[in-house]
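Each chain, written out:
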Amino acid sequence: MKYHEPMRTTVDLDDDVSAALAELQRATGMGKSEALNQLVRRGLLGPVDAGRQSFVQASADLGRALVDVTNIGEVLELLDAHDQGQGRGR
């Protein structure tokens, strides 16, 4: 399927969608196809809830790492040695 070629189709619009399309056309001077494409693209972005606050992850500075985690192999060896010392060997 080629996405750069226009596709013609027939759709049945609910009254509220038709009204939103007509309002967008009136406000912007867009043609029906251009306005409908813009509304569809907005819908693809997902719902917008004006009353909903954005999620913010709480974080805290834990200081300097006690082990160098840039080499995962060494970290796993340290953990294995710790587990064996605690009597939890595999």
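1. Concerning the overall build of the protein chain
Scanning the protein chain from terminus to terminus reveals 3 helices and 0 strands. Listing the helices and strands of the protein chain from first to last along the sequence gives α-α-α. Counting all 90 residues of the protein chain, 6% fall into the buried class. Accessible area for the protein chain stands at about 8,900 Å²; split by element, carbon and sulfur atoms hold 53% of it.

2. Re the pattern of salt bridges
Applying the stated rule across the entire model yields 1 salt bridge. As a salt-bridge pair, arginine 26 and glutamate 23 come within 2.6 Å of each other at their nearest N and O atoms. One end of the pair, arginine 26, and the other, glutamate 23, are both in helix 1 (residues 15-28), 3 residues apart, so they sit about a helical turn from each other. What makes arginine 26 exposed here is its relative accessible area of 60%.

3. Some thoughts on a negative patch on the surface
On the surface, a cluster of negative charge is made up of Asp12, Asp14, Asp15 and Asp16. Position of aspartate 16 among the secondary structure elements: in helix 1.

4. Overview of the confidence of the model for the protein chain
Within the protein chain, residue pLDDT values average 85, and 89% of them lie at 70 or more. Least confident of the elements in the protein chain is helix 3 (residues 72-85), whose mean pLDDT is 90; most confident is helix 1, at 93.

5. Comments concerning the packing of helix 1 against helix 2 (residues 32-44)
Between two packed helices, what matters for the description is the angle formed by their axes and the separation of those axes. At a closest axis distance of 9 Å, the pairing of helix 1 and helix 2 adopts a crossing angle of 115°. Between helix 1 and helix 2 lies a crossing whose hand is right-handed. Of helix 2, the residues touching helix 1 (which contributes Ala20, Leu21, Leu24 and Gln25) are Lys32, Ala35, Leu36, Gln38, Leu39 and Arg42.

6. Remarks on helix 1
Counted at 1.5 Å a residue, the expected span for helix 1 with its 14 residues is 20 Å, and the 20 Å between its end C-alpha atoms agrees. The first or second residue beyond helix 1 is glycine 29, which carries a positive phi of 80°.

Rules of the game
- Residues numbered from 1 in each chain as written.
- Predicted model: local features only at pLDDT ≥ 70, side-chain atom pairs only at ≥ 80, totals over all residues.
- Heavy atoms only, no water.
- Helix = DSSP H or I, 4+ residues; strand = E, 2+ residues; numbered from the N terminus.
- Buried < 20%, exposed > 50% of the residue type's maximum accessible area, 1.4 Å probe, protein only.
- Areas by Shrake-Rupley, 256 points an atom, 1.4 Å probe, with all protein chains shown as cover.
- Salt bridge = Lys/Arg side-chain N within 4 Å of Asp/Glu carboxyl O.
- Patch = residues over 30% accessible without salt bridge, like charges linked within 9 Å, V, L, I, M, F, W, Y side chains within 5 Å.
- Lys, Arg positive; Asp, Glu negative; His and termini not counted.
- Charge placed at Lys NZ, Arg CZ, Asp CG, Glu CD.
- pLDDT = per-residue confidence, 0-100.
- Axes fitted to C-alpha atoms, helices over the stretch in contact; angles between N-to-C directions.
- Left-handed = near helix turned anticlockwise from the far one by under 90°.
- Contact = heavy atoms within 4.5 Å.
- Expected span 1.5 Å × (residues − 1).

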